[in-house]
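Structure at a glance
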Amino acid sequence: MIGIIGAMREEIDPILGKLSGVKTYLVGDNKYYEGVYGEKAVFAAYSRIGKVNAAITATILIERFGVKTILFSGVAGAINNSLHIGDLIYATRLVQHDVDITAFGHPLGFIPETGDFFATDPNLNKVAESIAFERGIKLGKGIIATGDQFIADGAKKTQIAERYKADAVEMEGAAVACVCASFGVPIFVLRSISDAADMDAGFNFDAFLESSARISADFVLDIVAKL
Ligand code: OS5
């Protein structure tokens, strides 16, 4: 069973619109949708914003609904200046940029018995690469930094770039990857750029959330069809 997570309704609606026979379940105070895409049974949910919400959703998909693969679809702020609005990037690794226990000698982002960088699944990443190649779609890859902050500031952006060599920033991916690492579930994280995490980020995010979310959702559904 494949699980698809987005953070916001706008990130999951384009996926729900393409599922047939959708059934809805309520767990805690959030909704989970079961449906079929082509011949593939999937569960989908939007977690709501941030690491805690994303971790709850990933855990429920795995533990309650028996999902064996998780695909994340959504938007991100560009850290790498070669990424532009609407561009796609998948995470090779993710890190929590807001973790700081350096007072105990640990590197930024590092948690004892957990680590810092979470790797995504090489096989899922290969499937994504093959779809991009076949369709002539430009697909970037790199490090995605996650934290409970909407980054809209040049100085903070530079800090994340320098500290983690990050290419994009968002607020959920590393939390889902952490849950997946804990349960041994393969994870793929795809984001389409909605803003450049700079002083215009709020404005651009509002302007491009829907279009960029759809670009990511369409690609993730292509992956579902190929699994
Ligand atoms: O899920 C959050 C992370 N997403 C990726 C992202 C990002 N992350 C960090 N920094 C950046 N520059 C980023 N660019 C893209 C996007 C999302 C950001 S938080 C957006 C909150 C927008 C909002 N707040 N209230 N509403 C919308 C209205 C509302 C009302 C009722 C229910 C839900 C929303």
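One structure accompanies this document, and this report is about it. (Residues numbered from 1 in each chain as written. Predicted model: local features only at pLDDT ≥ 70, side-chain atom pairs only at ≥ 80, totals over all residues. Heavy atoms only, no water.)

1. As for the overall build of the protein chain
Each helix and strand in the protein chain was counted, giving 6 helices and 10 strands. Against the 2.2 N^0.38 benchmark of 17 Å for 227 residues, the protein chain shows a C-alpha radius of gyration of 16 Å, consistent with a compact globule. When the backbone C-alpha atoms are referred to their principal axes, the protein chain occupies close to 50 × 35 × 30 Å. Within the span of the protein chain, comprising 227 residues, buried residues form 52% of the whole. Counting every atom, the protein chain has about 10100 Å² of accessible surface; 54% of that belongs to carbon and sulfur. Across the protein chain, the centroid of the 21 positively charged side chains sits 5 Å from that of the 28 negatively charged ones. (Helix = DSSP H or I, 4+ residues; strand = E, 2+ residues; numbered from the N terminus. Rg over C-alpha atoms; globule rule 2.2 N^0.38 Å. Buried < 20%, exposed > 50% of the residue type's maximum accessible area, 1.4 Å probe, protein only. Areas by Shrake-Rupley, 256 points an atom, 1.4 Å probe, with all protein chains shown as cover. Lys, Arg positive; Asp, Glu negative; His and termini not counted. Charge placed at Lys NZ, Arg CZ, Asp CG, Glu CD.)

2. Section: the packing of helix H1 (residues 9-16) against helix H6 (residues 201-226)
Following both chains from N to C, one finds H1 and H6 inclined at 45 degrees, their axes separated by 8 Å at the closest point. The orientation of H1 relative to H6 falls into the category oblique. Where H1 crosses over H6, the handedness of that crossing is right-handed. Touching Glu 10, Glu 11, Pro 14 and Ile 15 of H1 are Leu 209, Ala 213, Arg 214, Ala 217, Val 220 and Leu 221, all from H6. Considering only residue class, the contact of H1 with H6 consists of 7 nonpolar, no polar and 3 charged. (Axes fitted to C-alpha atoms, helices over the stretch in contact; angles between N-to-C directions. Parallel < 35°, antiparallel > 145°, perpendicular 65-115°, else oblique. Left-handed = near helix turned anticlockwise from the far one by under 90°. Contact = heavy atoms within 4.5 Å. Nonpolar A, V, L, I, M, F, W, Y, C, P; charged D, E, K, R; others polar.)

3. Brief notes about the packing of aromatic side chains
Overall, the coordinates contain 6 aromatic pairs when judged by the stated rule. With centroids separated by 6.0 Å and ring planes inclined at 40 degrees, the aromatic side chains of Tyr 25 and Phe 43 adopt a geometry described as tilted. Here the residue Tyr 25 occupies a position in strand S2 (residues 20-27), and Phe 43 occupies one in strand S4 (residues 40-46), the gap between them amounting to 18 residues. By relative accessible area, which is 28% here, Tyr 25 ends up partly exposed. By the ring-pair criterion, three or more aromatic residues cluster together here, those being Tyr 25, Tyr 32, Phe 43 and Phe 65. Sitting over the ring of Phe 117, Arg 93 keeps its end group 4.3 Å from the ring centre. (Phe/Tyr/Trp six-rings, centres within 6.5 Å; stacked < 30°, edge-to-face > 60°. Lys NZ or Arg CZ within 6 Å of the ring centre and 35° of its normal.)

4. Quick word on the pairing of strand S6 (residues 88-96)
Side chains on a regular strand alternate between the two faces of the sheet. Counted residue by residue, S6 has 7 buried out of 9 residues, so it is predominantly covered. Pairing between S6 and strand S8 (residues 139-146): 8 bridges, direction parallel. Paired with Ile 89 across the two strands is Gly 140, which belongs to S8. Two elements, S6 and strand S7 (residues 118-119), share 2 bridges in a ladder whose sense is antiparallel. In the strand pairing of S7, Leu 94 is matched with Phe 118. (Pairing = 2+ DSSP bridges.)

5. Considering the side chain of Ser 192
With respect to the element layout, Ser 192 can be found in strand S10 (residues 187-195). A relative accessible area of 0% means that Ser 192 is categorised as buried. Residue contacts for Ser 192: discarding those within four places in its chain leaves Gly 74, Val 75, Ala 76, Gly 86, Asp 87, Leu 88, Ser 212, Ile 215 and Ser 216.

Keep in mind these values describe shape, not function.
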